[in-house]
Every structure is written in C-alpha cells, then in structure tokens.
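Below are the chains, spelled out letter by letter.
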Amino acid sequence: MRTAALALILVALAGPSFAAQPVTLRAQPMDADGVVTLGEIFEGAGPAAGRAIATRNGPMLLLSAQVVRAAAARAGLDWPNAEGLRQIAVRGASGATAAAPRANVEALTWARSLSAGEIVQPQDLVWAPVAATPADAPGEPEAVIGKAARRPLRAGAAVTGRDVSAPVVIRAGDVITLSYDNGGVSLSLQAKALAAGAVGETISVQNVTSKKTVQAVVSGPGQALVGPAAEALRLTAPTRIALR
C-alpha cells in the first residue's frame, strides 16, 4: 500500500512537467533570415524557439493561425488563440532576406501516391520536412481524412487544400430519391441525376415521370433534397475543395 501511494504521489508530481508550455503571440512577429521559427512568433517558446515552421519568400508571410497553433502543439507549446485569429503576419526584419529553399519546415505530406478519386485514410498522411509550407496546407490530418483525391497525388509531396474535395456520392445517370420536407409536409419521388455531386452540392435532377428538371442539393448516397431543407444543407455543408 505504501509503495502504491508513493507511486501515485510521484505521478502527481511529475504531471506538470508533461503539460504544454503556455506561450504568447508576439505583437509584431518578425523573421531575420527567411526561415520562420516558433520563437519568432511566440514569446516564451523556450527550447522549441528554433523550430522552423515556414519559409518566407517575400517581405511578408501570412500564416494560417490554425497551422501555427498545430505546429506549436506538436512542439509542446500551448497557444489557445483566444483572439480568434485566422492569420498571422510575419514580416522580414530590417535588412532581412528571403530564405533559399531547403527542407527544414515540417508539414503534412503524402505517405504514398494516391490515384484520383481515392479516399484519404489516416495512414496516407505523415509529418515530414519540406522546403516550404503551402499557403493552403492543412493544420491537422482531420482536415483531409475522408476526402477524395482530386487528381493523382505523389508520395512525399506536401499536402494542400487543393489536393482533395468532398467525395462524390451521386454520379450522373444515377436514379435517386428526391425529397421535399417543410412544415410537416413530406414528399418523395424518383429522379435521374444529370450531374455528379458531393454532399451539399447543387445538381440538376430530372423527374423520372414528368421529365421536369429541377435543382436539388445532394444529401447523401442516392439522396437529394429540394425546398427549405435543401437550402439549409447547402449553407452548412463543407465545400468541395477542402479548406483549412
């Protein structure tokens, strides 16, 4: 019992040493050599200050706050972004030059080559050093997992938002169920999809019986909506191109 109690005390005492180090965003982040580091963005970065997260190829670099926060977290730093910032501007210090390309910035890369249309799986992504972080690089794997490759993707290349889109769940020529639901009134009928679409996209569909063509919002595999429910889905569903 005494040994177990001592072990619990040691664990409790050791806990804080594994906690993330709180940091504060600098009022005016500046970079001197074109390689932007955590220490140039945050005050109190400690041993992680020299960790590079991006390269600056001009007088100013705009970084996604989500990407910066994720990079800080991987380095053991805690920046809650209480201000709700979307971007962080890093300017070159007086007399500073842009960086020559070199593989010292960590970013998400493709662990294997993917064919167009393949669905991204967790094992398809790996953090690795790259020459420069793409402007639309996702901050976390979750931003692209489950999305479909928009074109063939090469193993080792940095992941960008343009690489993926929401997977197509209806293809042109599919016979689908078209539904209308409003104020307790629900109707459904069979229609033919005249275009392919992902969830949340608007496509043209043709009533199988009347041959009338209408615009509908894709709601799932073989399903589309018209009416108020369709508009609500269109406004809340993610866009085809994955954003970060």
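In every chain, residue numbers begin from 1 and rise along the written sequence. Owing to the predicted nature of the model, reporting of local features is limited to residues with pLDDT of at least 70; listing and counting of side-chain atom pairs is limited to 80 or more, with chain, interface and lining totals taken over all residues. By convention in this description, side-chain values take in all heavy atoms of the structure and omit both hydrogens and water.

**A short note on the confidence of the model for the chain**
Thinking step 1. A residue's pLDDT is the confidence the predictor assigns to it, expressed on a 0 to 100 scale. With 85% of its residues at a pLDDT of at least 70, the chain reaches an overall mean of 82.
Thinking step 2. Contacts: residue pairs with any heavy atoms within 4.5 Å of one another. Counting contacts from residues 1-18, a segment whose pLDDT is below 50, to residues more than four positions away or on other chains yields zero contacts.
Thinking step 3. Within the model, the stretch residues 239-244 combines pLDDT values under 50 with 27 contacts to residues more than four positions away or in other chains.

**A word on the sheet that holds strand 15 (residues 175-182)**
Thinking step 1. DSSP bridges decide pairing: two strands pair if at least two such bridges lie between them. For helices the rule is a DSSP run of H or I covering at least 4 residues; for strands it is a run of E covering at least 2, with both sets numbered from the N terminus onward. The five strands lie next to each other as 15-16-18-19-20, forming a closed barrel whose pairing is mixed. Each adjacent strand pair in this sheet contributes to an overall mean axis angle of 55°, direction not counted.
Thinking step 2. In this sheet, strand 16 (residues 185-193) lies alongside strand 15 in antiparallel orientation, the contact comprising eight bridges. Bridge assignment links Asn-182 to a residue of strand 16, and that residue is Val-185. What counts as an axis is a line fitted to C-alpha atoms, over the stretch in contact for a helix, and the angles between N-to-C directions run from 0 to 180 degrees.

**Re the pattern of salt bridges**
Note on pairing: side chains with opposite charge can pair once their charged atoms come close.
Thinking step 1. Here a salt bridge means any side-chain nitrogen of Lys or Arg lying within 4 Å of a carboxyl oxygen belonging to Asp or Glu. Within the structure shown, the criterion is met by five salt bridges.
Thinking step 2. Note that Glu-118 and Arg-112 form a salt bridge whose closest N and O atoms lie 2.9 Å from each other.
Thinking step 3. Given the relative accessible area of 26%, Glu-118 is considered partly exposed.
Thinking step 4. Residue classification places Arg-112 among the partly exposed residues on the basis of a relative accessible area of 33%.
Thinking step 5. Across the pair Arg-112 and Asp-124 runs a salt bridge, and its minimum N-O distance is 2.6 Å. Of this pair, Arg-112 sits in the loop between strand 10 (105-110) and strand 11 (125-130) while Asp-124 sits in the loop between strand 10 and strand 11, and the two are 12 residues apart along the sequence. Partly exposed describes any residue whose relative accessible area lies between the buried limit of under 20% and the exposed limit of over 50%, with all areas from a 1.4 Å probe on protein chains only and scaled to the type maximum.

**Some words on the nonpolar core**
One recurring pattern in soluble globular proteins: nonpolar side chains tend to sit buried together.
Thinking step 1. Buried Ala, Val, Leu, Ile, Met, Phe, Trp, Tyr and Cys residues form a nonpolar core when they are joined through side-chain atoms within 4.5 Å. Grouped together as the largest cluster of nonpolar side chains are 20 residues, with contacts concentrated most on Ile-41, Phe-42, Ile-53 and Leu-63.
Thinking step 2. Contributions of two or more residues to this core are made by helix 2 (38-41), strand 6 (52-55), strand 7 (60-64), helix 3 (65-74) and strand 9 (87-92).
Thinking step 3. Among the elements that line this core, the one with the most residues is helix 3, at four residues.
Thinking step 4. Discounting residues that sit within four places of it in the chain, Ile-41 has contacts with Thr-24, Leu-25, Arg-26, Pro-29, Val-36, Ile-53, Leu-63, Val-68 and Val-90.

**A look at unusual backbone geometry**
Thinking step 1. A positive phi angle, close to 55°, is found at Asn-81, a residue other than glycine.
Thinking step 2. For Asn-81, the position within the fold is in the loop between strand 8 (77-78) and strand 9.
Thinking step 3. Given the relative accessible area of 14%, Asn-81 is considered buried.
Thinking step 4. Backbone geometry places Lys-211, a non-glycine residue, at a positive phi of 65°.
Thinking step 5. With respect to the helices, strands and loops of the structure, Lys-211 is situated in the loop between strand 18 (202-207) and strand 19 (213-220).

**Describing helix 3**
Thinking step 1. Regarding helix 3, the residues found buried are Ala-65, Val-67, Val-68, Ala-70, Ala-71 and Ala-72.
Thinking step 2. Looking at the packing, one finds that the buried side of helix 3 touches helix 2, strand 5 (42-43), strand 6, strand 7, strand 8 and strand 9.
Thinking step 3. Looking one or two residues past helix 3, Gly-76 carries a phi angle of roughly 85°, positive in sign.

**Structural notes on the pairing of strand 19**
Thinking step 1. Both strand 18 and strand 19 contribute to a ladder of five bridges, which runs antiparallel. Counted as the bridge partner of Thr-202 is Val-217 from strand 19.
Thinking step 2. Sheet topology note: the strand 19/strand 20 (residues 223-226) ladder contains three bridges and is antiparallel. Residue pairing in the sheet places Val-218 in a bridge with Ala-224 of strand 20.
Thinking step 3. Here strand 19 hands over to strand 20 after two residues, with Gly-222 in that stretch at a positive phi of 70°.

**Remarks on the packing of aromatic side chains**
Thinking step 1. Stacked, tilted and edge-to-face are the three classes assigned to paired rings of Phe, Tyr and Trp, where Trp is represented by its six-membered ring and a pair needs centres within 6.5 Å; plane angles under 30 degrees give stacked, over 60 edge-to-face, the rest tilted. Evaluated as defined, the whole model comprises one aromatic pair.
Thinking step 2. Note on Phe-42 and Trp-79: the rings are 5.4 Å apart at their centroids and 55° apart in plane angle, and the pair reads as tilted. Of this pair, Phe-42 sits in strand 5 while Trp-79 is found in the loop between strand 8 and strand 9, placing the two residues 37 residues apart along the sequence. The same class applies to Phe-42 as to Trp-79, namely buried.

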